[in-house]
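# Topology and contacts: notes
As a plain string of letters, each chain reads:
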Amino acid sequence: MINPKRRIGIGDFRIGVEEKQAINNVLDNGQISEGKTVAEFEKLFAAYIETQHAIAVSSGTAALIAGIVAMTHASDMNVRPKTNVVTTPITYVADSNAIVTTDLNPVYVDVDPETFVITAENIKRHLEDVDDIEQYSLVLPVHLMGYSCDMDEINKTAGNYGLQVFEDCSQAHGTTYKGRKVGSLSTLSCFSFYIAHNIQAGEMGALATNNYELIRLVRKIKANGRMCDCSTCKRSENKCPKLISYAGEDDFDPRFTHEFIGYNFKTMEFQAALALTQLKKANWIAKKRTENVRYLNEGLDQFSDVLKLPPFNENTSYMAYPIVIRKPQEFSRKKIRSSLENQGVETRPLFGCIPTQQPAYKYLKKKYAGSLPIADNLGKNAFYIGCHQYLEQKDMDYIISVFKNILND
Ligand SMILES: Cc1ncc(COP(=O)(O)O)c(C=O)c1O
């Protein structure tokens, strides 16, 4: 039973004719650093998310950092360093890392046990008890595993307290909420195109918004705070708006004049080229993942006294197939995960509750002890397997048979 030939991963990326062609086009164009392919991606991604603008950056983490920093510089956002950001304790650690490294403080509220996302009710309850609301400036919900947060209620609650909302859609490209794509539902949103996600490029990220000031700020921040904010450089056409407006200044070069302290979060043309090939298949990818969740749910339903299966929702573009163990005393996560792995089914833990279970955040452990029971349970007893678009029925039948072996043993 150990070491089967079959390997069912969390994600899969197939390099076919289109992907090879896209890379060859970049090579033939002769420019590999950010250029027209990135600009094309930004245009088509904004159209896909149904926002006015999108901007590419080097990763989802970069998108989070650049987005928060841009909000702190924007004219009327009131997002300030040293203030609190209400966010989820159950997510990939990048959200908290971005908050802390941009000099804001994460404040965690518990999540919905069904869909793992923070609830407006918990945010509201937390804010109602706050002594000084001036210490808060942002709410950062994450649409985990593809499940949308209740954005109407979150926006309403944040609005009542004068807070901005920045959605993290890194695991939910294509999910819709009340008929609109996640990523178009708040002031700013971010995405990751990491290899295991719904739309993949290996490594890349993006931000989407209807606020042009934020886009212009991110364009500067992602290039070490330089003055340039055009989507493609117009110097060679003698149309650089900065050179024109600073015409009188001696030897002025906007590429090397820095307005902000920033980062290098630029992407390569190759990444955008690969992302574009996946964007063309995005509807098929989301549909296939949703169908796979339905199939796995039907096959695994026989174990529903032991395993809590993911709620099915046809508007959800699933990043993966999350499972919560209901009876951890009888079936430990460690045992189930290692049995699955030994039989070729890749698994990952559902991230761990950040303030109570992640070593990097141990300074918060005491403060949050006992106050995030749902996140604590998910962090200990939940894991996920793949439901990606290249799984065939025989792969899913195999997964179901492996669970049968483990749970009926
Ligand atoms: C919810 C969430 N946000 C942000 C990120 C960070 O994205 P990246 O790995 O592209 O930096 C991830 C990555 O998995 C994620 O799952």
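Here goes a summary of the coordinates provided.

Definitions and limits used
- Residues numbered from 1 in each chain as written.
- Predicted model: local features only at pLDDT ≥ 70, side-chain atom pairs only at ≥ 80, totals over all residues.
- Heavy atoms only, no water.
- Patch = residues over 30% accessible without salt bridge, like charges linked within 9 Å, V, L, I, M, F, W, Y side chains within 5 Å.
- Areas by Shrake-Rupley, 256 points an atom, 1.4 Å probe, with all protein chains shown as cover.
- Salt bridge = Lys/Arg side-chain N within 4 Å of Asp/Glu carboxyl O.
- Lys, Arg positive; Asp, Glu negative; His and termini not counted.
- Charge placed at Lys NZ, Arg CZ, Asp CG, Glu CD.
- Helix = DSSP H or I, 4+ residues; strand = E, 2+ residues; numbered from the N terminus.
- Buried < 20%, exposed > 50% of the residue type's maximum accessible area, 1.4 Å probe, protein only.
- Pairing = 2+ DSSP bridges.
- Axes fitted to C-alpha atoms, helices over the stretch in contact; angles between N-to-C directions.
- Contact = heavy atoms within 4.5 Å.
- Parallel < 35°, antiparallel > 145°, perpendicular 65-115°, else oblique.
- Left-handed = near helix turned anticlockwise from the far one by under 90°.
- Nonpolar A, V, L, I, M, F, W, Y, C, P; charged D, E, K, R; others polar.
- Polar contact = N/O pair within 3.5 Å; in protein donor to acceptor, adjacent residues only side chain to side chain.
- Core = buried A, V, L, I, M, F, W, Y, C linked by side-chain atoms within 4.5 Å.
- Near = heavy atom within 4 Å.
- 1 Å grid on protein atoms, 1.4 Å probe; cavity = no way out; pocket = protein on both sides within 12 Å on 5 of 7 lines; lining within 4 Å.
- Sits in = over half its atoms within 2 Å of the grid points.

### Thoughts on a negative patch on the surface
Where like charges cluster on the molecular surface, the negative patch consists of Glu128, Asp129, Asp131, Asp132 and Glu134. Summarising the element assignment, Asp131 is placed in the loop between helix H5 (120–128) and strand S4 (136–140). Its relative accessible area of 83% is what places Asp131 among the exposed residues.

### Comments concerning the sheet that holds strand S1 (residues 53–57)
Read from one edge to the other, the open sheet built from seven strands follows the order S1-S9-S8-S5-S4-S2-S3, with strand pairing classed as mixed. At either margin of the open sheet sits one strand with a lone partner, and together these are S1 and strand S3 (105–108). Ignoring which end each strand starts from, the neighbouring axes of this sheet average 25° apart. Sheet topology note: the S1/strand S9 (residues 205–209) ladder contains five bridges and is antiparallel. Opposite Ile55, over in S9, you have Leu207 as the bridge partner. Against the sheet, helix H6 (residues 151–160) contacts S4 and strand S5 (164–168), and its axis sits at roughly 150° relative to S5. On top of the sheet, helix H7 (residues 212–221) reaches S1, strand S8 (188–192) and S9; it is set at about 15° to S1, its chief contact.

### Observations concerning the packing of helix H11 (residues 333–342) against helix H15 (residues 393–407)
A packed helix pair is summarised by two numbers, namely the angle formed by the two axes and the spacing between the axes. Two numbers describe how H11 lies on H15: the axes approach to 10 Å, and their chain directions differ by 135°. Relative to H15, the element H11 is oriented oblique. Crossing handedness for the pair H11 and H15: right-handed. Residue-level inspection shows Ile336, Ser339 and Leu340 of H11 in contact with H15, the latter providing Val402, Phe403, Ile406 and Leu407. Of the residues contributing to the contact of H11 with H15, the split by class is six nonpolar, one polar and no charged.

### Remarks on the side chain of Thr277
Position of Thr277 among the secondary structure elements: in helix H9 (residues 269–280). Of the polar contacts made by the side chain of Thr277, one reaches the backbone oxygen of Leu274; its length is 2.5 Å. Ignoring anything within four residues of it in the chain, the contact list for Thr277 reads Glu18, Glu19 and Ala22.

### So, the packing of helix H2 (residues 36–49) against H9
It is the contact of H2 with H9, at a shortest axis distance of 8 Å, that shows an interaxial angle of 35°. For the crossing formed where H2 meets H9, the hand is left-handed. Counting all contacts with H2, which are made through Lys36, Thr37, Val38, Glu40, Phe41, Leu44, Phe45 and Tyr48, the residues of H9 involved are Glu269, Ala272, Ala273, Ala275, Leu276 and Leu279. When the residues that make up the contact of H2 with H9 are grouped by side-chain class, the tally is 10 nonpolar, one polar and three charged.

### Focus on the nonpolar core
One finds Phe41 and Phe403 to be the most contacted residues of the largest nonpolar core, which totals 127 residues. With nine residues, the top contributor of residues to this core is helix H3 (residues 60–73). If sequence neighbours within four positions are ignored, Phe403 has contacts with Leu300, Phe303, Leu307, Ile323, Ile336, Leu340, Phe383, Ile385 and Asn408.

### Focus: the pattern of salt bridges
Tallied over the entire structure, the rule returns 22 salt bridges. A salt bridge links Glu114 to Lys308; the nearest nitrogen and oxygen atoms lie 3.4 Å apart. Remark: Lys308 occurs in strand S10 (residues 307–308) and Glu114 occurs in the loop between S3 and H5; sequence separation between them is 194 residues.

### With respect to the site of the ligand
Taken together, 14 residues form the shell around the ligand, and within it Gly60, Thr61, Asp168, Gln171 and Ser192 come nearest. Gly60 is positioned with one of its backbone polar atoms (N or O) 2.8 Å from an oxygen atom of the ligand. Residue Gln171 places a side-chain N or O atom 2.8 Å away from an oxygen atom belonging to the ligand. Starting from 380 Å² of accessible surface for the ligand in isolation, the protein chains cover 92%. Structurally, the ligand is housed in the second largest pocket. Sorting elements by how many residues they give to the shell around the ligand places H3 first, with three residues. Split into classes, the residues belonging to the shell around the ligand amount to four nonpolar, eight polar and two charged.

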